[in-house]
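Fold and geometry: a report
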Amino acid sequence: MKKIRIIATGGTIAGTADSAADTSDYQAGSLGIEEIIQSVPGISSCAELSAEQLCNIDSRDMTENLLLRLSKRVIALIGQEGTDGIVITHGTDTMEETAFFLHLTVPAGKPVVLTGSMRPATALSADGPMNLLNAVRTAASPDAAGRGVLITMNDSIEGAVDATKKNTTSLDAFCSPNRGSLGMIRDGVPVFFAERSSGIPDDRQLMRTETECEGKKRKRDPGMFSLEGIKKLPTVYILYGNTCADGAMVRAAVRAGAEGIVYAGTGNGSVHQEDERELLRAAESGIPVVVSSRTGSGPVTAHVRGGSQSGIISSGFLNPQKARILLQLCLTETKNPEIIGRVFSRY
Ligand code: ASP
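As a starting point, this report considers the structure included with it.

Reading the values: rules and limits
Residues numbered from 1 in each chain as written. Predicted model: local features only at pLDDT ≥ 70, side-chain atom pairs only at ≥ 80, totals over all residues. Heavy atoms only, no water. Buried < 20%, exposed > 50% of the residue type's maximum accessible area, 1.4 Å probe, protein only. Helix = DSSP H or I, 4+ residues; strand = E, 2+ residues; numbered from the N terminus. Pairing = 2+ DSSP bridges. Near = heavy atom within 4 Å. Polar contact = N/O pair within 3.5 Å; in protein donor to acceptor, adjacent residues only side chain to side chain. Areas by Shrake-Rupley, 256 points an atom, 1.4 Å probe, with all protein chains shown as cover. Nonpolar A, V, L, I, M, F, W, Y, C, P; charged D, E, K, R; others polar. Axes fitted to C-alpha atoms, helices over the stretch in contact; angles between N-to-C directions. Contact = heavy atoms within 4.5 Å.

As a further point, take the pairing of strand β6 (residues 156–159). Looking along a regular strand, one sees side chains alternate from face to face of the sheet. Alternating residues of β6 divide into S156 and E158 and I157 and G159, and every residue in both groups is buried. Pairing geometry for strand β5 (residues 150–153) and β6, over 4 bridges, is antiparallel. The partner of L150 across the bridge, within β6, is G159. Taken together, β5 and the strand that follows it, β6, pair antiparallel across an intervening segment of 2 residues, in which N154 is found at a positive phi of about 55 degrees. Where β6 and strand β9 (residues 183–186) come together, 2 bridges link them in antiparallel fashion. Looking across to β9, one finds that I157 is bridged to G183.

And the structure:
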């Protein structure tokens, strides 16, 4: 049997409510991982399980410190002989950000699968037990390695680059709007829709090459971005585009000490002229600016008025919250917008 390590962080999968009918009024992060495992019939026959509790929070409260600790722990487990795969239980609200952060910072060797639930553990028809069982089965599947960090929810397998939470309450809360799901779990068997080689290229390897051209000699973890020696990530704010903008939020972000800005444009990187003026000013002053989109899918191909010389970077297919993670990690290596732009162009 494969040896699977579960790292628990909290979320609704660890949530409890007063009544079995309560599906949105509950306390996330209440149960310990051992109690959750015990609620899943047959799980111990799928893999040799062991578990640890990193924290027990509602994922809206995820902190940088926890992200760094989680990533370092996963890197350690991947390098360890007694572990074949890793499952992380996590709240669904920010699962896509944690998954993408791990995708960019941990090495590719062993499956890393995040899961959670939309209903608390005390609900009738709670989805957590099946989601956890599916995550363990996916992490134990020889087919899951080399596909990047994965998310399994509601019988589906999504990749960390594209997966996003699309619904506030439905059990079918995740999708991959640009690349599509990577697979599904059918009668307990993870089935991937494409061979690895014809699937997503190993973006992490490609991007290492880009950022290493800066000539940093820092000792690297085997992941795309090294967290070696990093205690705090650069400050990157997301600003949300809207009609009648006046540039005030951009000025506020700069005053608050933004080291990078992600702007969720109204369409294909569309930015109101008042905000645009301030963004160009920020970019000129050396603060890298990435323009993404608030639409939820599709690439950002358009540059702001001023063209590619403006120093503004397009997010590609990355949504604002993922663009923020990537910009933070890029900023640990370089402030050069050209290099950062090349990294984003991979997405
Ligand atoms: N607020 C919860 C969390 O993200 C929602 C969930 O887990 O589904 O922790």
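What follows is about the site of the ligand. Near the ligand, the surroundings consist of G11, T12, Y26, D58, S59, G91, T92, D93 and S117. Here D93 contributes a side-chain N or O atom positioned 2.7 Å from a nitrogen atom of the ligand. A distance of 3.0 Å separates an oxygen atom of the ligand from a polar atom in the backbone of S117. Within the complex, 93% of the 270 Å² of free accessible area of the ligand lies under protein. By residue class, the composition of the shell around the ligand is 1 nonpolar, 6 polar and 2 charged.

The next point concerns the sheet that holds strand β14 (residues 312–314). Spatial strand order, β11-β12-β13-β14: 4 strands in an open sheet with parallel pairing. The open sheet is flanked by β11 (236–240) and β14, the only strands paired with a single partner. Recorded for the sheet is a direction-independent mean angle of 25 degrees between the axes of neighbouring strands. As paired elements, β11 and strand β12 (residues 260–265) share 5 bridges and run parallel to each other. From the neighbouring strand, V236 faces β12, where its bridge partner is G260. Packed on one face of the sheet, helix α8 (residues 320–331) meets β11, β12 and β13 (289–293) and runs near 160 degrees to β12. Along the sheet face, helix α9 (residues 337–345) touches β13 and β14 and points at about 10 degrees away from the line of β14.

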